[in-house]
Amino acid sequence: QVHLTESGGGSVQAGGSLRLSCAVPELIVSSSVWCMTWFRQAPGKEREGIATIFTDGGSTFYADSVKGRFTISQDNGKRTVSLQMNSLKPEDTAMYYCAAGWVHSSAWSRPEAYRFWGQGTQVTVSS
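What counts as what
Residues numbered from 1 in each chain as written. Predicted model: local features only at pLDDT ≥ 70, side-chain atom pairs only at ≥ 80, totals over all residues. Heavy atoms only, no water. Pairing = 2+ DSSP bridges. Helix = DSSP H or I, 4+ residues; strand = E, 2+ residues; numbered from the N terminus. Axes fitted to C-alpha atoms, helices over the stretch in contact; angles between N-to-C directions. Core = buried A, V, L, I, M, F, W, Y, C linked by side-chain atoms within 4.5 Å. Buried < 20%, exposed > 50% of the residue type's maximum accessible area, 1.4 Å probe, protein only. Contact = heavy atoms within 4.5 Å.

### Quick word on the sheet that holds strand β3 (residues 18-23)
Inference 1: With antiparallel pairing, four strands are arranged side by side in an open sheet as β1-β3-β8-β7. Two strands lie at the open edges of the sheet, namely β1 (5-7) and β7 (70-74), each paired on one side alone. If you compare each strand with its neighbour and ignore which way they point, the axes differ by 15° on average.

Okay, structure coming up:
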């Protein structure tokens, strides 16, 4: 099983910022990676798609819960995607996962649509 590699989680006070990164291993052929998305899952809640980028063209979509505060971006080689998280709130506390795959834009927020996943990085926001 090939995993994506996430980094950048941690603890921060409300109003602070964190930056998450997700790298696609060379074992995954780049042509199979079209959509890269950040999900999060808080205890007792469903996994939520919060931000996506389509690597061919750079289109982005965001969940309403993070719109205006989070920004997803990709590097020039399209094998690393970052999530800049500003104005963090306690309700942003969750395990954050990176996912990648060939996903239609209408399905970007559905976890079952993705083939490749990272193992998660914890983000904790204190009030």
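### Thoughts on the nonpolar core
Inference 1: Core analysis: the largest hydrophobic core is formed by 27 residues, its most contacted members being Leu4, Met36, Trp38, Phe70, Leu83, Met85 and Tyr96.
Inference 2: For this core, the elements supplying multiple residues, two or more each, are β3, β4 (35-41), β5 (48-54), β7, β8 (80-85), β9 (94-101) and β11 (121-126).
Inference 3: The element best represented in this core is β9, accounting for four residues.
Inference 4: Once residues within four sequence positions are removed from consideration, Tyr96 is found in contact with Glu6, Leu20, Trp38, Phe39, Arg40, Ile50, Phe70, Met85, Gly120, Thr121 and Val123.
Inference 5: Grouped together as the second largest cluster of nonpolar side chains are ten residues, Tyr97, Ala99, Val103 and Tyr114 included.

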